[in-house]
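# Breakdown of the fold
Here are the chains, one letter per residue:
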Amino acid sequence: MKTLRVGLGERSYDIVCERGILSRVGEVVAPLGRAGRKAFVLTDSNVAPLWLGKAVASLKAAGLDVSSGALPAGEPTKRFDSLMTVYSMFAQSGLTRSDVVITLGGGVIGDLGGFAAATYLRGLDFVQVPTTLLAQVDSAVGGKVAVDLPWGKNLAGAFWQPKAVVVDPEVLDTLSDEYFSDGMAEVIKYGCIRDKGLFERLDEAGSREKLRAHIDDVVMRCCDIKRVVVERDERDTGERMLLNFGHTYGHALEKFYDYKKISHGAAVAVGMRTICEIAERKGLTAAGCAEKITSLCNKFGLSCKDDAPYREVIGAIKGDKKNLNGALNVVLLHDIGDGYIYPTDGGFWL
Ligand code: GLY
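Here's what I pulled together on the structure shown here. (Residues numbered from 1 in each chain as written. Predicted model: local features only at pLDDT ≥ 70, side-chain atom pairs only at ≥ 80, totals over all residues. Heavy atoms only, no water.)

### Some details on the side chain of T344
Applicable threshold: Put simply, DSSP H or I for four residues or longer makes a helix, DSSP E for two residues or longer makes a strand, and each gets a number counted from the N terminus. The classification of residues rests on relative accessible area computed with a 1.4 Å probe and restricted to protein chains. Under 20% of the type maximum is buried, over 50% is exposed, and intermediate values are partly exposed. Pairs of N or O atoms within 3.5 Å make up the polar contacts considered here, provided that, within protein, one atom can donate a hydrogen while the other can accept it, and that residues adjacent in sequence are counted only when both atoms are side-chain atoms. Two residues form a contact once any of their heavy atoms are found within 4.5 Å.
Among the secondary structure elements, T344 is positioned in strand 12 (residues 338–344). Judged by its relative accessible area of 10%, T344 falls in the buried class. Side-chain polar atoms of T344 contact the backbone oxygen of L328, separated by 2.6 Å. When neighbours within four sequence positions are excluded, T344 is seen to be in contact with A327, L328 and V330.

### Details of the side chain of T77
Within the secondary structure layout, T77 lies in the loop between strand 4 (65–71) and helix 3 (82–92). Leaving out residues up to four positions away in the same chain, T77 has contacts with L71, P72, S82, V108 and L112.

### Thoughts on the packing of aromatic side chains
To keep things clear, this is the line we draw: Aromatic pairs are defined between Phe, Tyr and Trp rings, using the six-membered ring for Trp, whenever the two ring centres lie within 6.5 Å; interplanar angles under 30 degrees are classed as stacked, those over 60 as edge-to-face, and all others as tilted. For a Lys NZ or an Arg CZ to count as sitting over a ring, it must be within 6 Å of the ring centre and within 35 degrees of the ring normal.
The tally for this structure, following the rule as stated, stands at nine aromatic pairs. Summarising the aromatic geometry, the rings of F40 and F90 are spaced 5.4 Å apart at their centres and angled 70 degrees between planes, so their arrangement reads as edge-to-face. With F40 in strand 3 (residues 38–44) and F90 in helix 3, this residue pair connects regions lying 50 residues apart in the sequence. The residues F40 and F90 share a single accessibility class, namely buried. Relative to W349, the ring of F348 has its centre 5.3 Å away and its plane inclined at 85 degrees; by these criteria the two rings are edge-to-face. The pair formed by F348 and W349 is uniform in burial state, with each residue classed as buried. Clustering of aromatic rings is evident, with ring pairs tying together Y249, Y310, Y340, Y342, F348 and W349. Above the face of the Y190 ring, K189 is positioned so that its terminal group lies 4.5 Å from the ring centre.

### Here we look at the sheet that holds strand 1 (residues 2–6)
Where we set the bar: Being paired, for any two strands, means DSSP has found at least two bridges between them. Note on method: axes are straight lines fitted to C-alpha atoms, helices fitted across the in-contact stretch only, with angles between N-to-C directions ranging 0 to 180 degrees.
The seven strands lie next to each other as 1-2-9-6-5-3-4, forming an open sheet whose pairing is mixed. Single-partner strands in this sheet number two, and they are strand 1 and strand 4. With strand direction ignored, the average angle separating the axes of adjacent strands in the sheet is 15 degrees. Against the sheet, helix 2 (residues 47–61) touches strand 3, strand 4 and strand 5 (100–105), its axis set at about 170 degrees to strand 3. Here helix 9 (residues 215–232) sits on the sheet and contacts strand 1, strand 2 (13–17) and strand 9 (164–167); the angle it forms with strand 1, its principal contact strand, is near 10 degrees.

### Details of the site of the ligand
Note the cut-off: Being near a molecule or strand, for a residue, comes down to having at least one heavy atom within 4 Å of it. Shrake-Rupley sampling with a 1.4 Å probe provides the accessible areas, and residues are treated as covered by the protein chains on show and by no other component. Charged residues are taken to be Asp, Glu, Lys and Arg, nonpolar residues to be Ala, Val, Leu, Ile, Met, Phe, Trp, Tyr, Cys and Pro, and polar residues to be all remaining types, Gly included.
Taken together, D138, K144, K226, R240 and L243 make up the full set of residues adjacent to the ligand. The side chain of K226 places a nitrogen or oxygen atom 2.6 Å from an oxygen atom of the ligand. Between the ligand and R240 there is a distance of 2.7 Å, counted from an oxygen atom to a side-chain nitrogen or oxygen. Within the complex, the protein chains bury 86% of what would otherwise be the 200 Å² of accessible surface of the ligand. Tallied by class, residues from the shell around the ligand come to one nonpolar, no polar and four charged.

Written out as structure tokens, the structure reads:
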């Protein structure tokens, strides 16, 4: 089993990774709290038939008093309205402040369940068990939990660190190619901002099939990069913004399409290419980065292309949460593996 310790003082926790660990998740969760405590497993309608049985059996075998609930799979479940359903599940299962919530699913379940755990009874322990590549390398680590409001995504949220993150690479085998590609955009992002060697290993592997044998190492390398960033800037006031490489334009593109036509990963891939092309023209990024990123993304099913009208998309950047007092920090690369934060005004994108 590979373990990483996220060092955040009294909020420190382990990220553990092993093939098949979902069948032993109880062995990770039980020692985190009092014997016999209640555990509520929140999942979705896609994940429940695949993995819920294994998780519940293991938690029961470890002595926890387990109940569970599944929400409809998909982005709309992350709406604020779903919180009432989740709180009502918690209430019906009699959760108290010394119990634990387990989020078994992708980013929607992790973010929503984490926010419900952060707020129910003024805060319950929770453990993230991410089942998508995107959640394993990004959303399950670092303690950002949130729900969407009618005015935008992730607008009601908290920093609420999990007590553990349990990563089972085996669950990735059942992901569709589309979901796998979605997560690969974030994996490639880590290579771009912090690890040229990772970028090159991905390029050498060149396909989902060839990466399969190394996916544990790749996921844990991404988690480790995020760990270092989060330890230095838990509250996202500085360095954590590096994790947003490709996301400024990517978010604007997702918003332009009302979060319907393009996946998060596909939008981030376009965003990474776009910002590198602009920065290369301005001499702020080494020539050739946009091309290298596009070539690697293409190998993992991400086109880096979109037909949306550029001027209309950049109009949405004004609404980005990171846009403070008219100044917008963007994340650029000196070169592959070396990201930096660059303060801009609105003119950067033109
Ligand atoms: N997903 C970006 C962050 O956790 O800060």
